[in-house]
Each structure stands twice: as structure tokens, then as C-alpha cells.
Amino acid sequence: MNTQTLPAVEGATPRPREHMSWRRCKSLIASDLFRYDGAINARQFWRHFFFTPGFRYSVALRITRYTRLRRWTRFGLRQFMAVMLYRYSVRYGISISADTPVGAGLYIGHFGGIHVNHGAVIGNNCNIQQDVTLGKANRGARAGSPVIGNNVFIGAGAKIIGHILVGDGAAIGANAVVTKDVPPGAAVAGVPARVVSDQGSVGYVNRTNYPPIKD
């Protein structure tokens, strides 16, 4: 495989402040639910809320972020959701800050050992497996936090530390340590991670045809 044919990763652009209505929050939760079963209804919601820790955490994360971005929630609801998110973090071993921008269709395949720095950015339809770290580097050329594109698969035990740009449709192999940008559509593996395929996340990121996100 000739890795020279893979497109370059574009740098991150400044993000405007996110608009978060209750309608948008519910739409994001619905997109997360669809990633698990390919269906959006009350039965599937309660089934996964009670028996799928990753989805339960996603619900708490979405609502907590909503309370952070709406002024009226500062009188009690914001604090209550912060406590609930912390409780789930301790219980399930998932630490994703409500300050972290997370796109639609988040899928947490297996819970435990997941840490995402608050400065990271996660795109749409991201699959995160257990023991994944998206961490911050405090110095050097890669100072900062990772920026994850759309339709990215991050395998179990993968570590992405510093201002690493992961392109759309990329796949990070299990236990990979990513030290440089990942081109769109590439699959990387190893320590340090290197490109091993141009097939990316094809076949790993599924059920992304949920209804459009509402504003």
C-alpha cells in the first residue's frame, strides 16, 4: 500500500460557541441511541439506559453539557447534573468532561478506563472502546489536546496524547500510541502508531443514518 496517496490532515479551525437548545440535546441523545441498535423509540431508550453503561453515560453527558450552555439551569439543575455525571464517571470508569465538544452519534462500546481531556474535540459518529486516553501534552510541538474527526474508530487501549489531528474515517488500532497526525481514511497501529491500511474505519463505524440533528 502506498501511504503517499492518503490525503493530508487539515488543521483545526476556531470553533464558534455551540448553540444548545433542549430540542438539539434530545436530538443528540437520539443519534447516540441509534448507533447502538439502529432504532429510536422509548423501548430501546429505556433498555439501553438501564443495561448499557456507555449509553447511560452519553445521556448524562449530553444533559450536563446542555445545562452548562443554558443560563436558566444554573439554579440547581446544573449542579445536580454535574454530580450525576461525576457519579457515573466513578461507577463506569468513563471520564469525558461536559466541556468537551462531542459530535452526534457517540458510541461507547465497552466502558472502563476511558479518559478524555476537556480540551479535546470529538467529531460525529466516533466509536470509543475501553481503556482509551485522549490526553493533553503541556509542552513541545504537540502541546494541546487531540482533535478527532468524523466516523473515527478508536480501538481498545489506544492512546492519543497532545495536539494530534485524526482525520475523518480513520481507525486507531488496539493499544496504539499515536504521536503524529492520522490522515483521513487511514488505519494506524503499533507503538508508535504508523499507517497500516487505507481502509480506515470502514466496517467498524455503523448505523450512522440517524435523522438529522435538530436545532
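Structural data are supplied above this passage.
The notes below deal with the structure included here. (Residues numbered from 1 in each chain as written. Predicted model: local features only at pLDDT ≥ 70, side-chain atom pairs only at ≥ 80, totals over all residues. Heavy atoms only, no water.)

1. Observations concerning helix α1 (residues 22–37)
Taking 1.5 Å as the rise per residue, α1 with 16 residues should run 22 Å; its terminal C-alpha atoms sit 23 Å apart, in good agreement. The buried count for α1 comes to 12 of 16 residues, which makes it a mostly enclosed element. Considered for burial, the residues of α1 that qualify are Arg 24, Cys 25, Ser 27, Leu 28, Ile 29, Ala 30, Ser 31, Asp 32, Leu 33, Phe 34, Arg 35 and Tyr 36. Contacts made by the buried residues of α1 are with α2 (42–51), α3 (53–69), β2 (107–108) and β5 (127–128). Looking one or two residues beyond α1, the residue adopting positive phi is Gly 38, at roughly 75 degrees. (Helix = DSSP H or I, 4+ residues; strand = E, 2+ residues; numbered from the N terminus. Expected span 1.5 Å × (residues − 1). Buried < 20%, exposed > 50% of the residue type's maximum accessible area, 1.4 Å probe, protein only. Contact = heavy atoms within 4.5 Å.)

2. Some words on the sheet that holds strand β10 (residues 165–166)
Judged by pairing direction, the sheet is parallel, and its 3 strands sit side by side in the order β4-β7-β10 without closing on themselves. The sheet is open, and its two borders are formed by β4 (121–122) and β10, each paired with just one other strand. Pairing geometry for strand β7 (residues 147–148) and β10, over 2 bridges, is parallel. Counted as the bridge partner of Val 147 is Leu 165 from β10. (Pairing = 2+ DSSP bridges.)

3. Here's the deal with the sheet that holds strand β1 (residues 94–96)
Overall, parallel pairing links the 5 strands, which are arranged β1-β3-β6-β9-β12 in an open sheet. A strand with exactly one partner marks an edge of an open sheet, and here the two such strands are β1 and β12 (177–178).

4. Side note on the nonpolar core
Within the largest apolar cluster, 53 residues are counted, with the highest numbers of intra-cluster contacts made by Ile 154, Ile 160, Val 166 and Ile 172. Going through the elements one at a time, α1, α3, α4 (77–92), β1, β2 and β3 (114–116) are the ones with two or more residues in this core. Per-element accounting of this core gives the leading share, 8 residues, to α3. (Core = buried A, V, L, I, M, F, W, Y, C linked by side-chain atoms within 4.5 Å.)

5. Observations concerning the packing of α3 against α4
At a closest axis distance of 9 Å, the pairing of α3 and α4 adopts a crossing angle of 155 degrees. Between α3 and α4, the angle falls in the class roughly antiparallel. The handedness of the crossing between α3 and α4 comes out as left-handed. Across from Pro 53, Arg 56, Tyr 57, Ala 60, Leu 61, Ile 63, Thr 64, Thr 67 and Arg 68 in α3, the residues of α4 making contact are Leu 77, Arg 78, Met 81, Ala 82, Leu 85, Tyr 88, Ser 89, Arg 91 and Tyr 92. Of the residues in the contact of α3 with α4, the class split is 11 nonpolar, 3 polar and 4 charged. (Axes fitted to C-alpha atoms, helices over the stretch in contact; angles between N-to-C directions. Parallel < 35°, antiparallel > 145°, perpendicular 65-115°, else oblique. Left-handed = near helix turned anticlockwise from the far one by under 90°. Nonpolar A, V, L, I, M, F, W, Y, C, P; charged D, E, K, R; others polar.)

6. A closer look at the packing of aromatic side chains
The way to describe two aromatic rings as a pair is by their centre distance and the angle between their planes. As enumerated under the stated definition, the model contains 13 aromatic pairs in all. Ring plane angle 75 degrees and centroid distance 6.4 Å describe the contact between Phe 34 and Tyr 210, whose orientation is recorded as edge-to-face. Residue Phe 34 is located in helix α1, and its partner Tyr 210 is located in the segment after β14 (194–197); the two are separated by 176 residues in the primary sequence. Both residues of the pair, Phe 34 and Tyr 210, count as buried. Ring geometry for Trp 46 and Phe 50: centres 5.8 Å apart, planes at 25 degrees, overall stacked. Separated by 4 residues within a single helix, Trp 46 and Phe 50 lie in helix α2, roughly one turn from each other. Members of the aromatic cluster, joined through ring pairs, are Tyr 36, Phe 45, Trp 46, Phe 49, Phe 50, Phe 55 and Tyr 107. The ring of Phe 49 has Arg 56 sitting right over it, with the charged end atom 5.0 Å from the ring centre. (Phe/Tyr/Trp six-rings, centres within 6.5 Å; stacked < 30°, edge-to-face > 60°. Lys NZ or Arg CZ within 6 Å of the ring centre and 35° of its normal.)

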